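Letter by letter, the chains look like this.
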Amino acid sequence: EKHSFSTQLLTLVEETTLPFVRFSSFNYQPALNRLDMAGETTSYSLLAEQLGVLERNPEVERVEFGGLSKTAENFVGFRLNLTLGQSAFKKPPRLE
C-alpha cells in the first residue's frame with residue numbers, strides 16, 4: 001500500500017513537470033495532503049508556465065509558490081507547496 005502511494009505521488013510529479021524544470025527536494029505531509037518541493041528552472045517565464053500546469057491539474061487543489069532566488073549557475077530557484085486532492089491517490093481499476 002505505501003509503495004503504491006509513493007509511486008502515485010512520484011508519477012504525478014513526473015507527469016506535471018516541464019522540461020528544464022527540476023526538483024531537488026520533496027517533503028510529503030500526509031496529514032495535510034501537502035507536498036513541499038524546492039526546484040529550479042532556466043527562466044521566470046518557464047516557472048510561470050510550470051505553475052500554470054500545476055494550477056490546471058485537477059489532482060492539485062492548491063499551489064503555493066515562493067522563495068524566488070537566482071542560483072550561482074544563473075538558474076531561477078523556487079519553492080512550491082502543493083495541496084493534493086484525494087483523486088491524486090486513487091488507484092486505477094484492476095483488470096481481471
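This write-up is about the structure you can find in this document.

What counts as what
Counting of residues starts from 1 at the beginning of each chain's written sequence and follows it residue by residue. Whole-chain, interface and lining totals are the exception, using all residues; otherwise, since this is a predicted model, local features are given only for residues with pLDDT of at least 70 and side-chain atom pairs are given and counted only at 80 or more. With hydrogens and water set aside, each side-chain value is computed from the structure's full complement of heavy atoms. Strands here are runs of E lasting at least two residues and helices are runs of H or I lasting at least four, both read from the DSSP assignment and numbered beginning at the N terminus. Only protein chains enter the calculation, and the probe is 1.4 Å; a residue is then buried if its accessible area is under 20% of its type maximum, exposed if over 50%, and partly exposed in between. Strands qualify as paired when DSSP identifies two bridges or more between them. The aromatic pairing rule takes the rings of Phe, Tyr and Trp, using the six-membered ring of Trp, and pairs them if the centres are within 6.5 Å, calling planes under 30 degrees apart stacked, those over 60 edge-to-face and the rest tilted. Simply put, an axis is a line fit to the C-alpha atoms, just over the touching stretch for a helix, and the angle between two N-to-C directions goes from 0 to 180 degrees. By definition in these notes, contact holds between two residues if any of their heavy atoms fall within 4.5 Å.

Attention now moves to unusual backbone geometry. A negative phi angle characterises most non-glycine residues, just as the trans form characterises most peptide bonds. Although it is not a glycine, Phe-20 adopts a positive phi angle of roughly 70°. Within the secondary structure, Phe-20 is located in the loop between helix H1 (2-16) and strand E1 (21-29). Backbone geometry places Asn-74, a non-glycine residue, at a positive phi of 70°. Mapped onto the elements of the fold, Asn-74 is located in the loop between strand E3 (60-70) and strand E4 (76-84). Its relative accessible area of 52% is what places Asn-74 among the exposed residues.

Note: E3 against E4, 8 bridges, orientation antiparallel. When the bridges of E4 are listed, Glu-64 appears paired with Asn-81. Joining the antiparallel neighbours E3 and E4 is a turn of 5 residues, in which Asn-74 adopts a positive phi near 70°.

Two aromatic rings are characterised by how far apart their centres lie and by the angle between their planes. Applying the stated criterion across every chain yields a total of 2 aromatic pairs. Aromatic side chains Phe-23 and Phe-26 sit 6.3 Å apart centroid to centroid with 55° between the ring planes, which places their arrangement in the tilted category. Phe-23 gets classed as buried once you look at its relative accessible area, which sits at 16%. Here Phe-23 and Phe-78 contribute two aromatic rings whose centre-to-centre distance is 5.9 Å and whose plane-to-plane angle is 80°, an arrangement assigned as edge-to-face. A residue pair is termed long-range when its members are at least 10 positions apart, and Phe-23 in strand E1 and Phe-78 in strand E4 qualify at 55 residues. When sorted by exposure, Phe-23 lands in the same class as Phe-78, which is buried.

A separate point is the sheet that holds E3. Taken together, 4 strands build an open sheet; the order of strands is E1-E2-E4-E3 and the sheet is antiparallel. Lying at the two open borders of the sheet, with one neighbouring strand each, are E1 and E3. Neighbour to neighbour, the strand axes of the sheet diverge by 20° on average, direction disregarded. Those strands touched by helix H2 (residues 44-56) are E1, strand E2 (34-41), E3 and E4, and its axis lies near 165° from that of E3.

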